[in-house]
Amino acid sequence: MPAQLLSRPRSWLLAGVTGVSLLGVVAATAVAPGSDPADILFHRVVETLPAPLAITEPTDELPFVHSERIQAGDTLQGIFGRLNIDDEEALVHLSASDEGKKAIRQLRAGRSVTAIVRPDGRLLTFSVPLGNTGSRIVLERGDEGLALRESNGEAQVAMIEMRSGTITHSLFGATDAAGLPDNVATQLATIFGTWIDFHSDLRKGDRFNVVYEAVYEEGNPVRAGRILAAEFINNGERHAVVLYRGPSGKEQYYSDDGRSLQQGFLRSPLEFSRVSSNFGRRLHPIHGSWRKHNGTDFAAPTGTPVRATSDASVEFVGTQRGFGNLIVLKHRNNITTHYAHLSGFAKGLSKGQSISQGDLIGYVGCTGWCTGPHLHYEVHIDKVAQDPMTVALPMADTLGPRELVAFKRDTAHLRNRFALLNYELASAR
């Protein structure tokens, strides 16, 4: 209802004027008690209306506020061009000073810069995030000219943002079109990787809704934070999660029926890649004979991060015959996962170390018996190899009945936002 009111201001204004007019007619034709309607005399009523409020015409001197996400291969000149900045003095100041060079070094893909620009293209402020520290480097034009300062983020405010999108070709293409920050898109893929294989399960027309934290400073977006709630409709099947602090005191993602995703298994150890060889018998590319292939191969460039598919402890890390650099993780219910042909291991990884789902453990490579960079991934249950893409893997324990009631009550305000996003999506069609 509020969205309808806000989307139809003209209708409500006309209704209000009509209501006043009708009241005026009723007042002018009111009949005194005991009077004969035939004796009514009609009079013209002239009433002086107050002058309408003055409407301030927009001025051409008001500056524009821009926010732009840095693209791979961007230069400072390219960013200035997209932000409609025509200010050679500002460009020289950033390029020549030590502080400016420090700001330019922070122009990395995925980060967002903000700028306040005069209509003539002159820069008033230009703000660049300083790594992941929450601080920013700000170029400002004041009475004494241009100056650089570092903002420590004390004035930053966390707000809730909502986005929705529809899959046309790929997940990243849809999240980009929806204006979803890259790190939120990556979180989305990780969260729903428990249910959806983003290499093969996506369908045109699939859609998603995301509620996430966004940090603002002085009214400008600085960075995106955690996903608070998300919904993904894949091939007609709905999946939804909400971030919730459970009985253990640890914040985790829970499904609508109170199942924690923290102990579930991701279908793929890589965020985005393609399956180059499936589980089953195949002609071995090196030995030239038919052999059983006990895992799934994911083709990806050397150095691509490999992540643990579930909570575990490290059972083995080292080199093993044809597997080359190998990591074996031990999970609950007598399940192990194997990651082979790695180019290297995560710093400090050692046997017996506890690992959480999504933790970086190594990097794609081509060590051992290998013809090209890829990850060989195996899942063993009771020491028997299973197809990683089809095997039924255990989910986490569900919340108890009393805990489930508290969960639904405390997360209702987040889950209700899905209805608002779905309404907006339907209205836009």
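Small disclaimer: the values here were computed from a predicted structure and weren't measured.

Q: Now, about the packing of helix α4 (residues 88–96) against helix α5 (residues 98–105): what can you tell me, with residues and values included?
A: In contact at an axis separation of 5 Å, α4 and α5 are set at 90° when each is read in the N-to-C sense. Between α4 and α5, the crossing angle belongs to the class labelled roughly perpendicular. Listed contacts from α5 to Leu94, Ser95 and Ala96 of α4 are Asp98, Gly100, Lys101, Ala103 and Ile104. Its residues assigned to classes, the contact of α4 with α5 shows four nonpolar, two polar and two charged.

Q: Provide a residue-level description of helix α7 (residues 182–192), including the pertinent values.
A: For an α-helix, 3.6 residues make a turn, and residues three or four places apart therefore share a direction. Taken together, the buried positions of α7 are occupied by Val184, Ala185, Leu188, Ala189, Ile191 and Phe192. Projection of α7 onto a plane perpendicular to its axis shows the buried side chains occupying an angular sector of 165°, all on one side.

Q: Residue-level account of the sheet that holds strand β1 (residues 64–69), with values.
A: Hydrogen bonds along the backbone pair up the strands of a sheet, which may run parallel or antiparallel. Taken in spatial order, the five strands line up as β1-β2-β3-β4-β5 in an open sheet, and their pairing is antiparallel. One side of each edge strand has no neighbouring strand; the edge strands of this open sheet are β1 and β5 (145–151). On average, adjacent strands in this sheet sit at an angle of 15° to one another, irrespective of strand direction. Bridge count between strand β3 (residues 123–129) and strand β4 (residues 136–142): five bridges; the pairing is antiparallel. Paired with Val128 across the two strands is Ile137, which belongs to β4.

Q: Would you mind going over the pairing of strand β2 (residues 112–117) in detail, with residue names and values included?
A: Burial runs high along β2: five of the six residues are buried. Direction of pairing for β1 relative to β2: antiparallel, over a ladder of six bridges. Among the inter-strand pairings, Ser67 is bridged to a residue of β2, identified as Thr114. In terms of strand pairing, β2 meets β3 through four bridges, oriented antiparallel. Bridge pairing in β3 links Ile116 to Thr125. Hairpin connection between β2 and β3: a loop of five residues separates the two successive antiparallel strands, and Gly121 in this loop has a positive phi of roughly 95°.

Q: Outline the packing of aromatic side chains, listing residues and values.
A: Aromatic ring pairs are reported here in terms of the distance separating the ring centres and the angle at which the planes meet. As enumerated under the stated definition, the model contains nine aromatic pairs in all. Between Phe80 and Phe126 the ring centres are 5.3 Å apart and the planes differ by 75°, which places this aromatic pair in the edge-to-face class. Note that Phe80 is positioned in helix α3 (residues 76–82) and Phe126 in strand β3, a separation of 46 residues in sequence. Looking at Phe80, the relative accessible area reads 3%, which means it is buried.

Q: With reference to specific residues and values, describe unusual backbone geometry.
A: Phi is positive for Arg321, close to 40°, though the residue is something other than glycine. In this structure, Arg321 sits in the loop between β16 (312–320) and β17 (324–331). Residue Arg321 is classed as exposed on the basis of its relative accessible area, which comes to 74%. Although it is not a glycine, Asp382 adopts a positive phi angle of roughly 55°. By the secondary structure assignment, Asp382 is in the loop between β22 (374–381) and β23 (384–386).

Q: Got a sec to walk through the confidence of the model for the chain? Specific residues and values, please.
A: Model confidence for the chain is summarised by a mean pLDDT of 77, while 76% of its residues fall at 70 or above. Contacts for the low-pLDDT stretch residues 52–59, under 50 throughout, to residues beyond four places or in other chains number zero contacts.

Thresholds, definitions, all that
Residues numbered from 1 in each chain as written. Predicted model: local features only at pLDDT ≥ 70, side-chain atom pairs only at ≥ 80, totals over all residues. Heavy atoms only, no water. Axes fitted to C-alpha atoms, helices over the stretch in contact; angles between N-to-C directions. Helix = DSSP H or I, 4+ residues; strand = E, 2+ residues; numbered from the N terminus. Parallel < 35°, antiparallel > 145°, perpendicular 65-115°, else oblique. Contact = heavy atoms within 4.5 Å. Nonpolar A, V, L, I, M, F, W, Y, C, P; charged D, E, K, R; others polar. Buried < 20%, exposed > 50% of the residue type's maximum accessible area, 1.4 Å probe, protein only. Arc of directions from axis to C-beta. Pairing = 2+ DSSP bridges. Phe/Tyr/Trp six-rings, centres within 6.5 Å; stacked < 30°, edge-to-face > 60°. pLDDT = per-residue confidence, 0-100.

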